[in-house]
Amino acid sequence: MASSSATAVPLTREQVVPSRKRIKLPPWLEVAKPRLIPLLLATTLGGMALTEGWPLSSPRLVCTLGGGALAAAAAGVLNCLWEQELDGRMQRTSGRALPSGRLSPSAAFAGAVSCALAAATLLVSGVNCLAAGLSLLGLCSYVLLYTALLKPRTPQNIVIGGVAGAIPPLVGAAAATGHVGLGGWWLFALVMVWTPAHFWALALLLRDDYRAVGIPMLPVVKGPLVTARAIRRYGWATVIISFLGVWALPEGGLLYGLLLLPFNGRLLQMVERLADEPDSTERAKGLFRWSILYLFGICLLLIFSRQSGAALFDLQLRSWIASFPSGFSGISA
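1. Section: the packing of helix H8 (residues 105–126) against helix H9 (residues 129–150)
1) Next: Look at H8 against H9: their axes get within 7 Å of each other, and the N-to-C directions meet at 155°. Taken together, H8 and H9 sit at an angle that is classed as roughly antiparallel. Note that H8 runs across H9; the crossing there is right-handed. Taking contact as the criterion, the partners of Ala116, Ala120, Leu123 and Val124 in H8 are, on H9, Cys129, Ala131, Ala132, Ser135, Leu136 and Leu139.
2) Next: Looking at the contact of H8 with H9, its residues break down into nine nonpolar, one polar and no charged.

2. Remarks on the pattern of salt bridges
1) Next: This model, assessed by the stated rule, comprises eight salt bridges.
2) Next: Where Arg102 meets Glu30, a salt bridge forms, and the shortest distance between an N and an O atom there is 2.9 Å. Of this pair, Arg102 sits in the loop between helix H7 (84–89) and H8 while Glu30 sits in helix H4 (residues 27–30); the two residues are 72 residues apart in sequence, bridging distant segments of the chain.
3) Next: Since its relative accessible area comes to 34%, Arg102 is described here as partly exposed.

3. Observations concerning unusual backbone geometry
1) Next: Looking along the chain, the bond that leaves Trp54 and enters Pro55 is cis, with omega of -5°.
2) Next: Residue position: Pro55 is located in the loop between helix H5 (37–49) and helix H6 (58–82).
3) Next: Backbone geometry places Lys33, a non-glycine residue, at a positive phi of 50°.
4) Next: Turning to its location among the elements, Lys33 is positioned in the loop between H4 and H5.

Rules and cut-offs
- Residues numbered from 1 in each chain as written.
- Predicted model: local features only at pLDDT ≥ 70, side-chain atom pairs only at ≥ 80, totals over all residues.
- Heavy atoms only, no water.
- Axes fitted to C-alpha atoms, helices over the stretch in contact; angles between N-to-C directions.
- Helix = DSSP H or I, 4+ residues; strand = E, 2+ residues; numbered from the N terminus.
- Parallel < 35°, antiparallel > 145°, perpendicular 65-115°, else oblique.
- Left-handed = near helix turned anticlockwise from the far one by under 90°.
- Contact = heavy atoms within 4.5 Å.
- Nonpolar A, V, L, I, M, F, W, Y, C, P; charged D, E, K, R; others polar.
- Salt bridge = Lys/Arg side-chain N within 4 Å of Asp/Glu carboxyl O.
- Buried < 20%, exposed > 50% of the residue type's maximum accessible area, 1.4 Å probe, protein only.

What is shown is where atoms sit, not what they do.
Have a look at this one:
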């Protein structure tokens, strides 16, 4: 009975993310999608923390994060431009800056080009060409690969198109060392498998909107049951891959692994609950919100594990584990 009542009234995006109701952004800022940028910058920092170049100097850190934020803003504006007609057809999005006429397409395009040029200039001059190239690759993959090519054509759009959101760790690694090592590729892979479960939880809540305009999101094409099962598979894959960070970190990996346990336990609890009750909007909403906190938490753990105290704890724990065989042999003798 609780489940049926929960699904009687579809949730809007504003109900899923309450800050959208409380804060009204100016049109030029709204199209840049600033709410998405902090998580992208967090994974950029995570990519940095996975390298021997951590910590970065303040100027290089500021240039990397500033350039990444500008590139993400440009991608957001271009996404809004591409989907302007689509947004105008949905009641939920018809009030956005472009379809409502509060911002002209020419002004938005000029802003996107300016942000992209500023991002490239900042990253090339203050970081390196590899970081700049990767950042612009992320921009192009979001706009061209995901928005233009995959989103309107396949329910697996976010599985492949998720590469755009997974590029910031590579940017962070490149900024720290001038190349992308194993740690950067590990975090890239983690974000890739995290993305479908995160996004499909939101798509479950907004599937009526996607259905109305013909966007083939997985919940629209396959329904909640299949989507919830897919979310569970990707949730378990996320947990498994997240533990590989124990070896990807240059130091502090054991502490990271221990602190990761409650994060993964909660994630698995929520994906299993959704799998048990795939029509529950409350469980989908809870998983969507937690998945955001989960990825922020992973990046925080990576940074925390690179502190000197964490490295010392790691050494002591390894020594304690290594002492077990000799202790057991003494007892058996």
